[in-house]
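# Topology and contacts: notes
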Amino acid sequence: MEKRKATNRKKWVRLDNASNIFLAAMTNRDSKVFRFSAELTDTVDSDLLQQALNEVYSQYLLYHSVLRRGIFWYYLEESDLKPVVQLDTNPSCQPLYHFDRRELLFRVVYWKKRVSLEVFHVLSDGTGAMWFFQDLLKEYLLLKNPEINPEDLEVAEYNHDTSSEDSFARHFRVKDQKNFGQATQSALRSFSKVTVKAKELLYPTGDADEKKVYHYKGTYTPDNRPRIVEMEMSVKEILKRAKKEQVSLTIYLTALFMESVRKSAKDFHGNETMAVSVPVNLRQFYPSTSARNFFAVTRLEYTYQLGKENSVSDICKELKEQLSPQLEKKHLEKILTRLIYFEYHPLARIIIRPLKDFGLKLINHSTNKNLTLAISNLGRVSFPKPIESFINQVYFHTIAVRPQFCAISHGEYFTISFTSPYIETDIFKEFARSLTEDGVPITVTVNKVTEEELGGGSHAGV
């Protein structure tokens, strides 16, 4: 947290650039909360988990924050609240922020052998939250297994910085705004033009509205809980399929996901476009040790054509060609510098918060109209040896306003967690069928969401 001269006042920081849109886009169905889970080898000891949480919490001052609303902006303020581990009995990814309550922006829950961390996206992105989760599991497993000598842990590549730096402002804030260009300045002359400029930023190619973007339709779950389908498979086996297509694993899975939607959607008739949002961890391009949000979002699309094969290979090739230029540092810097410029421009800073929220809601609405799916592949997560031997699998999912998946790998296992606001599971069945027919063994777990399903009295979370 940033230091202030008045010692009797609580420390605070302004929100980073990504956090503002999360607040504007948050709804009862979309809580902007994501979850990490780890399946351990033994049943969780709640007392030891609480001790571990207390220790890690003391190291991450960012996680002491509560969200406050000012006249011109939201901000994070340090609190004296203490987190308490809870039994995981509620639906996954329940809201963590209520404007009329003073509450922490994360929770730790457990069920049998599973420990889960849920985080409000305003506080951190997946990478930053994973640091907290790794440290929590390390502390817990050291307490649970006193025979482990902490000095034997291999931590050279594991030490985490808990900085609350705003890396967006550090890398992309342009202080000499006179040299930024007349076109950018004109965008702020009229607040009513915000959605037009937003489309230019989100879709710099200018073709987002020229194609009909397909939207999958289904039956909403009765109480806003997400449908969650977890798939486990061999890392080596799924990587073989991606290498065969000569694309990254993220591209391959995205193409398979699009094909699963096409095969399962009865109202998809071809000559329509599927578009997907893919987050990019900016720490791989710019130095940052911040535990806060530091990512960008790319948009990929594929237009199905009647009379064309539209195979997974065709989709992979097209998505690869689209993604490569969007990952160039020059492109990222151009887009993000402009976004940060808007945030720090004098005119934008004096607009009251409700009007900013309204503008950001319009941007979010425009974005949702031009997306079919969402994905997030966090990559490989590891733990110091011998901690690794006490963790079977790791999972990652988030709340959903559209069908999406989150992927993560640990050890020999790769897990994909699909989430959807709809009851139907046809998309995920098609995805599983595609893998098994290609010789990839998988294990599938599905949560219960309807009154009929829940009549069995099963565990509410996943």
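In what follows, the structure referred to is the one given above.
An account of the accompanying structure is given in this report.

Criteria and cut-off values
- Residues numbered from 1 in each chain as written.
- Predicted model: local features only at pLDDT ≥ 70, side-chain atom pairs only at ≥ 80, totals over all residues.
- Heavy atoms only, no water.
- Core = buried A, V, L, I, M, F, W, Y, C linked by side-chain atoms within 4.5 Å.
- Buried < 20%, exposed > 50% of the residue type's maximum accessible area, 1.4 Å probe, protein only.
- Helix = DSSP H or I, 4+ residues; strand = E, 2+ residues; numbered from the N terminus.
- Contact = heavy atoms within 4.5 Å.
- Pairing = 2+ DSSP bridges.
- Axes fitted to C-alpha atoms, helices over the stretch in contact; angles between N-to-C directions.

Below, the discussion takes up the nonpolar core. One recurring pattern in soluble globular proteins is that nonpolar side chains are buried together. If you look at the biggest cluster of nonpolar residues, it comprises 71 residues, and the most contacted ones within it are Y63, L67 and F106. Top element by residues in this core is helix α3 (residues 126-144). It accounts for 10 residues. Apart from the residues lying within four places of it in its own chain, the contact partners of Y63 are Y57, L104, F106, V119, L123, S124, G128, A129 and F132. M231, L249, I416 and F428 belong to the second largest nonpolar core, which has 46 residues in total.

All right, on to the pairing of strand β10 (residues 295-303) then. Put simply, side chains in a regular strand alternate between the two faces of the sheet. Judged by how many residues are buried, β10 sits mostly within the fold: 7 of 9 residues are covered. By the bridge criterion, 9 bridges tie strand β9 (residues 273-281) to β10 in an arrangement that is antiparallel. Paired with V278 across the bridge in β10 is T298.

Another point: the side chain of N364. Topologically, N364 is positioned in helix α12 (residues 353-369). With relative accessibility at 17%, the residue N364 sits in the buried group.

Once that is clear, we can look at the sheet that holds strand β1 (residues 12-14). On the basis of which strands lie adjacent, the open sheet formed by 3 strands has the order β1-β4-β3 and antiparallel pairing. Lying at the two open borders of the sheet, with one neighbouring strand each, are β1 and β3 (65-69). With direction set aside, neighbouring strand axes in the sheet form an average angle of 30°. In this structure, β1 lies alongside strand β4 (residues 74-78), joined through 3 bridges in antiparallel fashion. Residue pairing in the sheet places V13 in a bridge with L76 of β4.

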